[in-house]
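Below, each chain spelled out in residue letters.
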Amino acid sequence: MASELQDTLARITTKSKVLVDKYHVLSAEKERLEQLTVRLQEEIEVLRKENEQLKTDNEYLTLARNFVPNSEKAAEAKKLISSLVRDIDKCISQLNE
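Quick caveat, the model's predicted, so the values are computed rather than measured.

S.K.: Explain the overall build of the protein chain to me, and be specific about the residues and the numbers.
M.R.: Tallying secondary structure elements over the protein chain gives two helices and zero strands in all. Radius of gyration (C-alpha) of the protein chain: 31 Å, far over the 13 Å computed for a compact globule of 97 residues. The principal-axis extents of the C-alpha atoms in the protein chain amount to approximately 100 × 30 × 15 Å. Looking at the protein chain as a whole, 6% of its 97 residues are labelled buried. Surface exposure of the protein chain reaches about 8,900 Å², of which carbon and sulfur atoms provide 59%.

Set out below in C-alpha coordinates:
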(Lines give C-alpha, C1' and ligand atoms only; values in the text may rest on other atoms or scores of the structure.)
Protein backbone atom coordinates (compact mmCIF):
# COMPACT_ATOMS: atom_id res chain seq x y z
CA MET A 1 0.00 0.00 0.00
CA ALA A 2 2.73 2.47 0.98
CA SER A 3 4.73 1.58 -2.12
CA GLU A 4 1.66 2.23 -4.32
CA LEU A 5 1.24 5.64 -2.74
CA GLN A 6 4.90 6.43 -3.29
CA ASP A 7 4.62 5.32 -6.93
CA THR A 8 1.53 7.46 -7.40
CA LEU A 9 3.26 10.41 -5.74
CA ALA A 10 6.33 9.93 -7.95
CA ARG A 11 4.14 9.88 -11.09
CA ILE A 12 2.31 13.01 -9.99
CA THR A 13 5.60 14.75 -9.23
CA THR A 14 7.03 13.78 -12.63
CA LYS A 15 3.92 14.93 -14.46
CA SER A 16 3.85 18.21 -12.56
CA LYS A 17 7.50 18.85 -13.53
CA VAL A 18 6.65 18.16 -17.17
CA LEU A 19 3.71 20.57 -16.96
CA VAL A 20 5.86 23.27 -15.35
CA ASP A 21 8.51 22.83 -18.06
CA LYS A 22 5.87 23.10 -20.78
CA TYR A 23 4.45 26.18 -19.07
CA HIS A 24 7.88 27.88 -19.13
CA VAL A 25 8.41 27.01 -22.79
CA LEU A 26 4.98 28.33 -23.72
CA SER A 27 5.49 31.48 -21.65
CA ALA A 28 8.75 32.20 -23.43
CA GLU A 29 7.09 31.59 -26.81
CA LYS A 30 4.21 33.90 -25.86
CA GLU A 31 6.65 36.65 -24.88
CA ARG A 32 8.56 36.24 -28.15
CA LEU A 33 5.33 36.42 -30.15
CA GLU A 34 4.15 39.50 -28.27
CA GLN A 35 7.43 41.26 -29.06
CA LEU A 36 7.12 40.22 -32.69
CA THR A 37 3.56 41.56 -32.78
CA VAL A 38 4.66 44.93 -31.41
CA ARG A 39 7.52 45.15 -33.91
CA LEU A 40 5.24 44.23 -36.81
CA GLN A 41 2.63 46.77 -35.72
CA GLU A 42 5.31 49.47 -35.66
CA GLU A 43 6.46 48.40 -39.12
CA ILE A 44 2.86 48.48 -40.38
CA GLU A 45 2.47 52.02 -39.06
CA VAL A 46 5.68 53.15 -40.79
CA LEU A 47 4.56 51.55 -44.04
CA ARG A 48 1.09 53.09 -43.71
CA LYS A 49 2.61 56.56 -43.33
CA GLU A 50 4.92 55.94 -46.27
CA ASN A 51 1.96 54.76 -48.34
CA GLU A 52 0.00 57.90 -47.48
CA GLN A 53 2.98 60.05 -48.45
CA LEU A 54 3.38 58.25 -51.75
CA LYS A 55 -0.32 58.61 -52.51
CA THR A 56 -0.09 62.34 -51.83
CA ASP A 57 3.01 62.68 -54.00
CA ASN A 58 1.30 60.74 -56.77
CA GLU A 59 -1.74 62.99 -56.59
CA TYR A 60 0.40 66.13 -56.74
CA LEU A 61 2.42 64.80 -59.66
CA THR A 62 -0.73 63.81 -61.52
CA LEU A 63 -2.10 67.32 -61.05
CA ALA A 64 1.20 68.82 -62.16
CA ARG A 65 1.25 66.70 -65.30
CA ASN A 66 -2.28 67.84 -66.17
CA PHE A 67 -1.27 71.51 -65.86
CA VAL A 68 2.08 71.29 -67.63
CA PRO A 69 2.11 69.94 -71.18
CA ASN A 70 5.84 69.54 -71.96
CA SER A 71 8.44 67.47 -70.11
CA GLU A 72 10.80 70.32 -69.18
CA LYS A 73 8.10 72.26 -67.43
CA ALA A 74 6.78 69.05 -65.90
CA ALA A 75 10.19 68.38 -64.31
CA GLU A 76 10.29 71.91 -62.92
CA ALA A 77 6.75 71.55 -61.59
CA LYS A 78 7.66 68.20 -59.98
CA LYS A 79 10.63 69.80 -58.24
CA LEU A 80 8.49 72.65 -57.02
CA ILE A 81 5.76 70.34 -55.78
CA SER A 82 8.30 68.06 -54.06
CA SER A 83 9.78 71.08 -52.35
CA LEU A 84 6.34 72.21 -51.22
CA VAL A 85 5.52 68.75 -49.91
CA ARG A 86 8.77 68.65 -47.92
CA ASP A 87 8.02 72.07 -46.47
CA ILE A 88 4.52 70.99 -45.52
CA ASP A 89 5.88 67.80 -43.92
CA LYS A 90 8.35 69.86 -41.90
CA CYS A 91 5.55 72.11 -40.72
CA ILE A 92 3.43 69.13 -39.74
CA SER A 93 6.35 67.58 -37.83
CA GLN A 94 6.91 70.82 -35.95
CA LEU A 95 3.23 71.03 -35.08
CA ASN A 96 3.29 67.46 -33.78
CA GLU A 97 6.24 68.20 -31.47
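S.K.: Run through a nonpolar patch on the surface, naming residues and quoting values.
M.R.: A surface patch of nonpolar side chains, about 690 Å² in accessible area, is lined by Tyr60, Leu63, Phe67, Leu80, Leu84, Ile88 and Ile92. For the nonpolar patch, the secondary structure elements donating two or more residues are helix H1 (2-67) and helix H2 (71-96). The element contributing the most residues to the nonpolar patch is H2, with four residues.

S.K.: Could you give an account of the pattern of salt bridges, naming the residues involved and the relevant values?
M.R.: For side chains bearing opposite charge, pairing can occur when the charged atoms are close. Within this structure, the stated rule accounts for three salt bridges. Salt-bridge contacts for Glu34 lead to Lys30; the nearest nitrogen and oxygen are separated by 2.8 Å. Linking Glu34 with Lys30, this pair stays in helix H1, spanning four residues, or about one helical turn. You can call Glu34 partly exposed: its relative accessible area is 36%. A relative accessible area of 49% means that Lys30 is categorised as partly exposed.

S.K.: Give me the environment of Thr8: which residues, what numbers.
M.R.: Its location among the elements puts Thr8 in helix H1. By relative accessible area, which is 31% here, Thr8 ends up partly exposed. A distance of 2.8 Å separates the side chain of Thr8 from the backbone oxygen of Glu4, its partner in a polar contact.

S.K.: Describe the packing of H1 against H2, listing the residues and the values that go with them.
M.R.: The N-to-C vectors of H1 and H2 enclose an angle of 145°; their axes lie 10 Å apart at closest approach. As H1 packs across H2, the resulting crossing turns out to be right-handed. Counting all contacts with H1, which are made through Gln53, Asp57, Tyr60, Leu61, Ala64 and Arg65, the residues of H2 involved are Ala77, Lys78, Ile81, Val85 and Asp89. Partitioning the contact of H1 with H2 into residue classes produces six nonpolar, one polar and four charged.

Rules of the game
- Numbers given to residues run from 1 along each chain, matching the order in which its sequence is written.
- The predicted nature of this model means local features are confined to residues of pLDDT at least 70 and side-chain atom pairs, given and counted, to a pLDDT of 80 or more, with totals for whole chains, interfaces and linings taken over all residues.
- Each side-chain value is derived from all of the structure's non-hydrogen atoms; neither hydrogens nor water enter the calculation.
- Here a strand is any run of E in DSSP of at least two residues, a helix any run of H or I of at least four, and the numbering for each starts at the N terminus.
- Only the C-alpha atoms count toward the radius of gyration. The rule for a globule is 2.2 Å times the residue count to the power 0.38.
- Buried means the residue's accessible area, taken with a 1.4 Å probe over protein chains only, is under 20% of the maximum for its type, while exposed means over 50%, and partly exposed covers the values in between.
- Only the protein chains shown count as covering a residue, and every accessible area follows the Shrake-Rupley method with a 1.4 Å probe.
- A residue counts toward a patch only above 30% relative accessible area and without a salt bridge, and it is joined to like-charged neighbours within 9 Å or, for Val, Leu, Ile, Met, Phe, Trp and Tyr, to nonpolar neighbours within 5 Å.
- By definition here, a salt bridge exists when the distance from a side-chain nitrogen of Lys or Arg to a carboxyl oxygen of Asp or Glu is within 4 Å.
- Polar contacts, as counted here, are pairs of nitrogen or oxygen atoms within 3.5 Å of one another; within protein the pair requires one atom able to donate a hydrogen and one able to accept it, and residues that are adjacent in sequence qualify only if both atoms are side-chain atoms.
- Interaxial angles span 0 to 180 degrees and are taken between N-to-C directions of axes, which are lines fitted to C-alpha atoms, for helices over the stretch in contact.
- Crossing handedness follows the turn of the near helix against the far one: under a right angle anticlockwise gives a left-handed crossing, and clockwise gives a right-handed one.
- By the convention used here, residues are in contact when the closest approach between their heavy atoms is within 4.5 Å.
- Under the scheme applied here, ten amino acids are nonpolar (Ala, Val, Leu, Ile, Met, Phe, Trp, Tyr, Cys and Pro), four are charged (Asp, Glu, Lys and Arg), and all others, including Gly, are polar.

Purely geometric stuff here, so don't read any function into it on its own.
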